[in-house]
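Below, each chain spelled out in residue letters.
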Amino acid sequence: MAANYPTGYRRSIFVIGTTGAGKSAFCNFLSNKKVFQEANGFASMTQTASSCEFKFKTEDVLIIDCPGFCDSKRPPEETHDELCKIGMIAKDGTDAVAIVVDSSERFSDNHRSALIQLEHMGGSLWEHAFLVFTRELKIQKEFGVEKGEDYIEKISSSEDCPPVLKEWLSKTKRRFLCVESKKKFQNEAYRNEKCTKIFSLIDQIRKDTKNVRYNSSIMKQGAKFFKQLSEDRKTQEDMQRLAIQMEQQRQDDKQALEAAQRRLGEAQRDANEKNERDVKRIQDAHNRIDEMNRRHEQDRQRCEQERRNLYTQFH
């Protein structure tokens, strides 16, 4: 694997292909995880773009599984929307585009239609593309070859080579490999061999494109939408944060007001209690004065009575 990648660089692979070709199985094979839902027949199981991050040896990799082309049950606008979603997932583009083809199928109008749809994706698709022929085990058994690549090389050089296959190989500059994605036919050595081949193809693509990633106009729409969505989300988060801060300030002001009202109430209560005590002390003082005046008057009256008695006695 190449060692000239920037520190922290994450390779990305965009996986597309014909419906039911085994894209999801290939993604699971490549990531060595059971992340993507695989089809049991010819129907497309991938209805929406999904992605997975994994490590191969020391390399960080992002793989994106795209809905199948030529799905008669899928409106074209939905495929367009999913390609926009790819742009949202890989907003900086992708290093390579893996076009998955079922090698056990005859190259027919289905593949021709897929080729036309690929052309509509625009950008430098073919400069970043390589072919992945699935079901290698069937090729080996049916044609008695050691490797599926040997069969593809042989048939592509013959006069009987289907025009679509020849065109696909020409457009991808004969960048291809064969894989058997089904888990029961795999072993670690086989996966390491195929993954090393895949990343070698990606290294060659990066070299040929001068490290420029693939980013079609459709994917750019998705990336632009993602950027706008991020900005809108940030604005919304800022507004929510401001609302939370305002609510917190309101709560703080409310608590401060309640605390001030409590202190005022306590001060008023203390003042009332002090006033009541002062009034009581004054009343007590008046009562004592009244008592002293009453006693003084009694003493005066008694003295006056005694004076009268003495006067009567001596006269």
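Refer to the structure presented above.
Thresholds applied
Residues numbered from 1 in each chain as written. Predicted model: local features only at pLDDT ≥ 70, side-chain atom pairs only at ≥ 80, totals over all residues. Heavy atoms only, no water. Pairing = 2+ DSSP bridges. Helix = DSSP H or I, 4+ residues; strand = E, 2+ residues; numbered from the N terminus. Axes fitted to C-alpha atoms, helices over the stretch in contact; angles between N-to-C directions. Contact = heavy atoms within 4.5 Å. Polar contact = N/O pair within 3.5 Å; in protein donor to acceptor, adjacent residues only side chain to side chain. Phe/Tyr/Trp six-rings, centres within 6.5 Å; stacked < 30°, edge-to-face > 60°. Core = buried A, V, L, I, M, F, W, Y, C linked by side-chain atoms within 4.5 Å. Buried < 20%, exposed > 50% of the residue type's maximum accessible area, 1.4 Å probe, protein only.

**Concerning the sheet that holds strand β2 (residues 50-56)**
Here 6 strands make up an open sheet; going across it, the order is β2-β3-β1-β4-β5-β6 and the pairing mixed. Here the strands that pair on one side only, and so sit at the sheet edges, are β2 and β6 (176-178). Within this sheet the neighbouring strands show an average axis-to-axis angle of 25°, counted without direction. The sheet contact formed by strand β4 (residues 96-102) and strand β5 (residues 129-134) spans 6 bridges and is parallel. When the bridges of β5 are listed, A98 appears paired with F130. Sitting on the sheet, helix α7 (residues 163-171) is in contact with β4, β5 and β6, with an inclination near 135° to β5.

**Quick notes on unusual backbone geometry**
A positive phi angle, near 60°, is found at N32, a position not held by glycine. Here N32 lies in the loop between α1 (23-31) and β2. For R135, which is not glycine, the phi dihedral falls at a positive 60°. Note that R135 resides in the loop between β5 and α5 (136-143).

**Observations concerning the environment of E136**
In this structure, E136 sits in helix α5. Residue contacts for E136: discarding those within four places in its chain leaves K147, G148, E149, C178, V179, E180, Y190 and K194. Within polar-contact distance, the side chain of E136 engages the side chain of K194 at 3.5 Å.

**Some thoughts on the packing of aromatic side chains**
According to the stated counting rule, one finds 4 aromatic pairs in the structure shown. On the numbers, 5.3 Å between centres and 20° between planes, the contact of F56 with F199 is stacked. Of this pair, F56 sits in strand β2 while F199 sits in helix α8 (residues 188-208), placing them 143 residues apart in sequence.

**Observations concerning the nonpolar core**
Counting 26 residues, the largest nonpolar core has I13, F26 and F130 as its most contacted members. Put simply, the parts of the chain that give this core at least two residues each are β1 (10-17), α1, β2, β3 (59-65), β4, β5 and α8. Setting aside its immediate chain neighbours within four residues, F26 contacts V15, A98, V100, V132, V179, S181 and I198. One finds I16, W126, I155 and L169 within the second-largest nonpolar core, a separate group that totals 24 residues.

**Remarks on the pairing of β4**
With 7 of 7 residues buried, β4 lies mostly within the body of the structure. With burial as the criterion, each face of β4 is covered, one bearing A96, A98, V100 and D102 and the other bearing V97, I99 and V101. Where β1 meets β4, 5 bridges bridge the pair, whose relative direction is parallel. By the bridge assignment for β4, F14 is matched with V97.

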